[in-house]
Amino acid sequence: MSCDARRSTAARAATVAVAALLLLGTATPALAASTSVQVDAALTDQTRTDELSFTFTASSNQTVTATSGFSRAGGNVQFQFDRWERTDGGGSGSSNSWEVVSGGTYRVTYEVTVTGDVDDTTYSGTVEVSGGAGTEASEQLSVNVDVLYPQFGSIGAGNPTFVFDDGSGSTQTQEFDVTVENTGQGVMVLSDVTFSNVPSGFSVTAVDVPNTIAANSQGTVTVRVEADSSVSSGSHSFTMNVADNLDSVSDASSSISVDVRKPPVADVSGSEINVGDVLVGTSKSTEFTVNEVGGYSGIDGVSIEVVGNEQSGSVSFSGSVSTSAGGSDTASVTVRAAEGAAQHSTLSWDVEITPYAEYAPTRTVTVTARVIHPAKLQRVGLNRVTVPFDQPRSEVSTFTEESTVDIVNSGDLEMNVQSASASMQSGGQYLSASIENVPSTVGGLSTGEATLVVEADADAPEGTHTVQVTVDTESAGTKTITRSVTISQEPSLGVQSTVQYGEVTVTENRTQSIDVAEQLGYESISGLQIQKVSGPNKWLTVVERPPSRLEPGQVSPLVVALRFDTQAELYKQYRWKFRVSADNVPTKTITVVARPKPYSFDQITQPLSDTASQGGWQAATTEPMNRMLLTLEERLKGDGAVAGDDLSRALAGGRAALLFVDSLERARTARQQGNYSEAQRALARAAVARDLLAQYVNNLQGDKLQSTASPAVAAANEAFAATAAKQRSHYEEVLAANESVIRNAQAHRALMRLAEYTGNSQQAQTHREAYQRASEKYLRLVEHAANSSARAQVLWSGFRDNATLVIADYPLVLNPARVDSVYATTNRVESLFSEAASTYARAGATDEAAATRQRASAVGSRIQAARYSLLGASAVYGAAFLLLLVRIGRNTYAYVRDADAATTGDFLLQT
């Protein structure tokens, strides 16, 4: 079909456009036996349906048959019988053969269907309704087919712009819509979209093409353009060709323009500028590098805009930026930290950097800084100082305790420490304090450590004093703190942790003396208790216990006796544990270890025989025991019966006799050598052995054995009483001499023990009370002497501090007006030192008395120097006064002489 025919058809279609729209896809009854339909030329599968009706009046009653249908255009146009109906409602049906009634009017309806490829023309044919009487009706049915054609109108040209601003060198892709206009009356079906004259570096494809474009409407074709980074900057164009399924491509083409822009791109590495630490109240500048990262154009200046506001600081920029493509340049940023900005707070700004060029992208860069503060002495830390007197008083003269002094710098800059000092605010007569290892600098946010050294005299009393520590820095301030210094004097319980008996012969009686002591010498121990906590309930016996109270430095024995009987398992190691406890001291444990071995009479009888050969009281004590054991041995050898535990008692009694003789001999030897303290300790052991001997002998069940051994008990009692009497005489002489209070206390204590050993409980109680009174008096005297010494020291220190001049610790007084106060003070100092020394001596504290005399001598030499200086100054002042008197006398004499001469006129004769 030609273009003119299409235009004619389009003009005709325009007159029935409204009707066509209403008829599309619907069926409406025809007003006559003809109708019209419109079809789109581009839609080959389109179907249009309509109805054609006519009426007739039946001439008679009969059966009629209507033409079933006919077709045209090769079957693309078909007329088919659809239905019949009596117009008065008398009936209807869909069969083309039915019964009619004479005079009845009937409507016959045919359906016309147009499909496929048809021409723009009228298709018709005749149908009949006939019966036995002939043709009842004949009607021509016709359909006018109007074919509608599309027509390309304008094609809208897109104008995409590619901006290469990321510097990646990769291909960019854009999609945009191109409108295709259909100005025809028929639906348009696009069959192809192609592109021509596409420049190098571009790739163009249609990614979304509409299936149809309605008449007098527009469709949208989505075009994808890919541009390689190698394309040049500027405008590029290509042609878009559109064809429909009716081959109308020659009328559908459009030129599409593409703009390529390659502006400079400014960026900062990492997208962040870190200025670092900025001291509060000051500014800090740093350079940063601006890179041109696009790689196509150079930068000729940039715009830098700060986004947002930072209350704690400000930021500014300086310097011009100019680079070549891909080059770099530097600029400067300055950050100021406001006064009062919080320490370590972060200052942050978002900054937009844009080159001065069209299409140049804006990059956001973050500028950050951290606020720091100057050095500041935040704190001087020192824990409470305790000086423990944890070494025996007899071994040390001073105690030293070190503590760490923390010097805290809360600022960020290094702090210079100029000095650190310490001084005792109280207790200076006993304590001294100093600072060592002072750091010269302390780093920012760090803690330096110095060492506080406190020294205390061993004679210092227990108590709490105050030390002052001062730290001075160059610019970070000065701080002074005070802390308490406590002198802690605790009692210390000392015991031997393990006592080894070794192998002990069965029936052998062996004792061990275990020293229990207050080992430091500062405080007494009270509430002392010794309790067995484990071990067999036999064989080991505690025969002497220390008192419940131990004076400072006092040593007292715990005496245990061991005797295995025949029930003990040979060579098995037995252990006994004793818990030693007291008030306010750690509990100690004593472990006694022993292992029984078979007994032998020879091990006892031979020493007894050897001792008996000495004669005297030794023989009187040991010989009866030896005879008793030999008798027992003979009885055992002869398989004689031994009653009960007589074997173990007899052997233990022999051991006790030997121990008694040995202890008493040691006591007598020590006494003869003048060592009465050692003699007293030996007598204590002899008393224990004597009592054990009597106990074992008295418990012998065999009468003959007991009668044989009894003389040994009597001899032991007699010998012990004689030795104790001589020991008692010595201590009574000590009391009579009355040399010192402490000596008297020791003598009363020794006499108390001797009375206990000899069974004189009344005398023991008398000496116990005297010992307590002497001890209390000793403490009072020592305390009084210590107070006198302390008062003398305080007076002397005040005198020295008020002296006119102190040279090499020698105070000099040059003011004669102070003569009375000087002599009064120095005499008082000498008197107090003398009183302290004599009181110490009277108490018996010889070491303290000697130390006080030494101190008094040293102070006395300095007092003498002070007195000499005062006498010398007085002499100088007196000489000056005499010279003044002589001068006044001479002047007076001259005046009187001149006056007398003037009165008598003698001066005229002389003239």
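Please refer to the structure placed before this passage.
All figures in this text were calculated on a predicted structure; none of them were measured in a lab. (Residues numbered from 1 in each chain as written. Predicted model: local features only at pLDDT ≥ 70, side-chain atom pairs only at ≥ 80, totals over all residues. Heavy atoms only, no water.)

Remarks on the overall build of the protein
Part 1 of the reasoning: What the protein contains, in helices and strands, is twelve helices and 45 strands.
Part 2 of the reasoning: Counting the 911 residues in the protein, one finds 41% classified as buried.
Part 3 of the reasoning: A fraction of 70% describes how many contacts in the protein between residues 6 or more apart in sequence connect residues 24 or more apart.
Part 4 of the reasoning: With the model as given, the accessible surface of the protein reaches about 44700 Å², and the carbon-plus-sulfur share is 45%. (Helix = DSSP H or I, 4+ residues; strand = E, 2+ residues; numbered from the N terminus. Buried < 20%, exposed > 50% of the residue type's maximum accessible area, 1.4 Å probe, protein only. Contact = heavy atoms within 4.5 Å. Areas by Shrake-Rupley, 256 points an atom, 1.4 Å probe, with all protein chains shown as cover.)

Brief notes about helix H3 (residues 602-612)
Part 1 of the reasoning: Turning to H3, its buried residues are Ile604, Thr605, Leu608, Thr611 and Ala612. Buried residues of H3, seen end-on, are gathered within an arc of 130° and therefore sit on one face of the element. (Arc of directions from axis to C-beta.)

Regarding the pattern of salt bridges
Part 1 of the reasoning: Under the defined criterion, the tally for this structure stands at 14 salt bridges.
Part 2 of the reasoning: Its salt-bridge partner being glutamate 175, residue arginine 224 comes within 2.7 Å of it at the nearest N-O pair. Here the residue arginine 224 occupies a position in strand E16 (residues 217-227), and glutamate 175 occupies one in strand E13 (residues 172-182), the gap between them amounting to 49 residues.
Part 3 of the reasoning: A relative accessible area of 29% means that arginine 224 is categorised as partly exposed.
Part 4 of the reasoning: Glutamate 175 gets classed as partly exposed once you look at its relative accessible area, which sits at 44%. (Salt bridge = Lys/Arg side-chain N within 4 Å of Asp/Glu carboxyl O.)

Considering the side chain of glutamate 136
Part 1 of the reasoning: Residue position: glutamate 136 is located in strand E10 (residues 134-148).
Part 2 of the reasoning: Of note is the side chain of glutamate 136, whose polar atom sits 2.7 Å from the side chain of serine 59.
Part 3 of the reasoning: Setting aside anything within four residues of it in sequence, one finds glutamate 136 in contact with Phe56, Thr57, Ala58, Ser59, Ser60, Gln62, Val64, Val129 and Ser130. (Polar contact = N/O pair within 3.5 Å; in protein donor to acceptor, adjacent residues only side chain to side chain.)

Concerning the packing of aromatic side chains
Part 1 of the reasoning: If you walk through the whole model with that rule in mind, you get 20 aromatic pairs.
Part 2 of the reasoning: Taking 6.5 Å as the distance between ring centres and 50° as the angle between the ring planes, the aromatic pair formed by phenylalanine 56 and tryptophan 98 counts as tilted. With a gap of 42 residues between them, phenylalanine 56 in strand E2 (residues 47-57) and tryptophan 98 in strand E7 (residues 97-100) connect regions that are remote in the sequence.
Part 3 of the reasoning: Aromatic rings pair up to connect Phe54, Phe56, Phe81, Trp84, Trp98, Tyr106 and Tyr110 into one cluster.
Part 4 of the reasoning: Here lysine 262 stacks its cationic end above the ring of phenylalanine 164, 5.4 Å away from the centre of that ring.
Part 5 of the reasoning: Directly above the aromatic system of phenylalanine 720 lies the positively charged group of arginine 690, at a separation of 4.4 Å from the ring centroid. (Phe/Tyr/Trp six-rings, centres within 6.5 Å; stacked < 30°, edge-to-face > 60°. Lys NZ or Arg CZ within 6 Å of the ring centre and 35° of its normal.)

Looking at the sheet that holds strand E11 (residues 152-155)
Part 1 of the reasoning: A sheet is described by the order of its strands in space; here four strands give the open sequence E11-E13-E16-E15, paired in antiparallel fashion. What marks the edges here is a single partner per strand, and that holds for E11 and strand E15 (202-208). On average, each strand axis in the sheet is tilted by 30° relative to the strand beside it, whichever way the strands run.
Part 2 of the reasoning: Looking at chain direction, E15 and E16 are connected through six bridges and run antiparallel. When the bridges of E16 are listed, alanine 206 appears paired with valine 223. (Pairing = 2+ DSSP bridges. Axes fitted to C-alpha atoms, helices over the stretch in contact; angles between N-to-C directions.)

A few points about the environment of aspartate 300
Part 1 of the reasoning: Here aspartate 300 is to be found in the loop between strand E21 (283-292) and strand E22 (302-307).
Part 2 of the reasoning: In contact with aspartate 300, not counting residues within four places along its chain, are Val321 and Tyr356.

Considerations on unusual backbone geometry
Part 1 of the reasoning: Within the chain, histidine 344 stands out as a residue other than glycine whose phi angle is a positive 65°.
Part 2 of the reasoning: Positive phi, close to 55°, is recorded for asparagine 437, a residue that is not glycine.
Part 3 of the reasoning: Position of asparagine 437 relative to the elements: it lies in the loop between strand E31 (431-436) and strand E32 (441-442).

Focus on the sheet that holds strand E43 (residues 588-597)
Part 1 of the reasoning: Reading across from one edge, E37-E43-E42-E39 is the order of the four strands in this open sheet, with mixed pairing throughout. Edge positions in the sheet fall to strand E37 (498-505) and strand E39 (529-534), since each of these pairs with one other strand and no more. Neighbouring strand axes in the sheet, compared pairwise and without regard to direction, differ in orientation by 25° on average.
Part 2 of the reasoning: Judged from the five bridges that link them, E39 and strand E42 (residues 574-581) form a sheet pairing that is antiparallel. Paired with lysine 532 across the bridge in E42 is phenylalanine 578.

Let's talk about the packing of helix H7 (residues 703-737) against helix H8 (residues 741-757)
Part 1 of the reasoning: H8 packs onto H7 with a crossing angle of 160° between their chain directions and a minimal axis gap of 9 Å. The angle between H7 and H8 falls in the class roughly antiparallel. Both H7 and H8 take part in a crossing whose hand is left-handed. Contacts from Phe720, Ala724, Gln727, Arg728, Tyr731, Glu732, Val734 and Leu735 of H7 reach H8 at Arg743, Asn744, Ala747, His748, Ala750, Leu751, Leu754 and Tyr757.
Part 2 of the reasoning: Along the lines of polarity and charge, the residues of the contact of H7 with H8 split into ten nonpolar, three polar and three charged. (Parallel < 35°, antiparallel > 145°, perpendicular 65-115°, else oblique. Left-handed = near helix turned anticlockwise from the far one by under 90°. Nonpolar A, V, L, I, M, F, W, Y, C, P; charged D, E, K, R; others polar.)

Focus on helix H5 (residues 646-672)
Part 1 of the reasoning: Between the first and last C-alpha of H5 there are 38 Å, a value that for 27 residues agrees with the 39 Å anticipated at 1.5 Å per step.
Part 2 of the reasoning: Positive backbone phi, at 85°, marks glycine 674, one or two positions downstream of H5. (Expected span 1.5 Å × (residues − 1).)

Side note on the packing of H8 against helix H9 (residues 761-801)
Part 1 of the reasoning: Between H8 and H9, the shortest axis-to-axis distance is 8 Å and the interhelical angle comes to 160°. Taken together, the axes of H8 and H9 lie roughly antiparallel to each other. Handedness of the H8/H9 crossing: left-handed. The residues of H9 that touch H8, namely those facing Val741, Ile742, Ala745, His748, Arg749, Leu751, Met752, Ala755 and Glu756, are Gln763, Ala764, His767, Arg768, Ala770, Tyr771, Ala774, Ser775, Lys777, Tyr778 and Leu781.
Part 2 of the reasoning: Taken together, the residues that form the contact of H8 with H9 break down as twelve nonpolar, four polar and four charged.

Some remarks on the nonpolar core
Part 1 of the reasoning: In this structure, Met625, Met628, Leu629, Phe660, Leu664, Leu693 and Phe720 are the most contacted members of the largest nonpolar core, which totals 49 residues.
Part 2 of the reasoning: Taken together, the elements giving at least two residues each to this core come down to strand E41 (555-563), H3, helix H4 (616-637), H5, helix H6 (676-698), H7 and H8.
Part 3 of the reasoning: Here the element with the most residues in this core is H6; it accounts for twelve residues.
Part 4 of the reasoning: Here leucine 664 is in contact with Trp617, Leu683, Ala686, Ala719, Phe720 and Thr723, once residues within four sequence places are set aside.
Part 5 of the reasoning: Leu382, Val385, Ala433 and Val442 belong to the second largest nonpolar core, which has 35 residues in total. (Core = buried A, V, L, I, M, F, W, Y, C linked by side-chain atoms within 4.5 Å.)

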